[in-house]
Amino acid sequence: MLYKTMAASLFALSIGTLGLSGCGAADAPTKSNSSHVQKQAPATISQRQIKIVGSSTVYPFATTVAERFGRTTSFKTPIVESTGSGGGLKLFCAGLNTNHPDIANASRRIKSSEIANCAKNGVTDIVEVKIGYDGIVFANSRKSQQFELSLKDVFLALAKDVPNGSGGVKANPYKTWKDVNNSLPSIKIEVMGPPPTSGTRDAFVELAMEGGCKKFSWIKALKKTDKKAYKSLCHTIREDDAFIEAGENDNLIVQKLNANPSAFGIFGFSFLDQNADSVQGSLINGKAPSFDNISSGDYPISRSLYFYVKKANIGTVPGIEAYLSEFLSARASGPDGYLADKGLIPMNDAERSKWKSNVSALKTLSRK
């Protein structure tokens, strides 16, 4: 969905329910805002609500902060859309006027190519805000058995090409989990996961797929001699019905897992935490996707969460600084904050203090 097309209608929507909608198209952006229906022309930049786009993983946290912010301050509730990290940063970098968002949520760090695209469109001063940590889970229905997988198992199940046993590769022939690892059940490999625009997808292929790929010594050595071939082999997910792109709506994946107990889904820990009565996370390398294991770094598929802010809009669009302050406050993202109840893995006090200091100084990213 193009942001420009949605801009007018967004001002006419009321606050959506917290979390992602399970109705409609799987990859349709999800929104939250609380403005009343307006018939007049769009507001000027100094009159409008904060506009936020990006990661479906960060979406529940951003929505929770936005709705509390709207209730407890004199500012309007920010508009929040779930578009995926890549899609959100593309919208964010498209320009500075009222048609473009002020903040982009991301479940990975911004790429150098995205910073260059921002600069090309006049978005030159960007404030980076780290909010905490998340784990990527490989989950299935509680109606089925809990799996114990290695990163190597994950790679062999989902890679487009796999080692052929003689120093080369072949198209992935594995149909069942038992084909991948003889100790696993003879259940068809069927995994629902995020699209290429998702930060969850980016983190999953880097941490899980590549983590399993480099368990093969000759592939690990390939990284030094042909980095492009190494990345292509380790990061490319198979394109048959073993892997199904399920859009940016993680709640929809949870619903589909309940309907199909043999299938697996890939999404952020917060969605597992909020749906623990119906879905369970697989153990990866012997570690469960738990709050403690993710915060300690023991769970191998863990990542940092961020959002990015246009410095030029701070002090111009009402409430941005107050929103940043609320998000990084102890009551929100601290160890006992309300976002921990939603599944955010908080930073320790020292790290959160460092980021608060950077944000208070409006420290901007350097060009990469």
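Structural data are supplied above this passage.
Just so we're clear, the structure is a prediction, and the values are computed from it rather than from any experiment. (Residues numbered from 1 in each chain as written. Predicted model: local features only at pLDDT ≥ 70, side-chain atom pairs only at ≥ 80, totals over all residues. Heavy atoms only, no water.)

**Describing the pairing of strand β3 (residues 79-82)**
Where a strand is regular, its side chains alternate between the two sheet faces.
Point 1. With burial as the criterion, each face of β3 is covered, one bearing Ile79 and Glu81 and the other bearing Val80 and Ser82.
Point 2. With two bridges joining them, strand β2 (residues 51-54) and β3 adopt parallel strand pairing. Residue pairing across strands places Lys51 opposite Ile79, the latter belonging to β3. (Buried < 20%, exposed > 50% of the residue type's maximum accessible area, 1.4 Å probe, protein only. Helix = DSSP H or I, 4+ residues; strand = E, 2+ residues; numbered from the N terminus. Pairing = 2+ DSSP bridges.)

**Side note on the packing of aromatic side chains**
Point 1. Taken as a whole, this structure holds 13 aromatic pairs when the rule is applied.
Point 2. Geometrically, the ring pair formed by Phe307 and Phe327 is tilted, given 5.0 Å between the ring centres and 45 degrees between the ring planes. Remark: Phe327 occurs in helix α13 (residues 320-327) and Phe307 occurs in strand β14 (residues 302-310); sequence separation between them is 20 residues.
Point 3. Judged by relative accessible area, Phe327 falls into the buried class, the value being 0%.
Point 4. A connected cluster of aromatic rings, assembled from ring pairs, spans Phe69, Phe75, Phe307, Tyr323 and Phe327.
Point 5. Directly above the ring of Tyr338 sits Arg68, whose terminal nitrogen or CZ lies 3.8 Å from the centroid.
Point 6. Positioned over the ring face of Phe92 is Lys310, at 5.1 Å from the centre of the ring. (Phe/Tyr/Trp six-rings, centres within 6.5 Å; stacked < 30°, edge-to-face > 60°. Lys NZ or Arg CZ within 6 Å of the ring centre and 35° of its normal.)

Everything listed here is a matter of geometry and, on its own, says nothing about what the molecule does.
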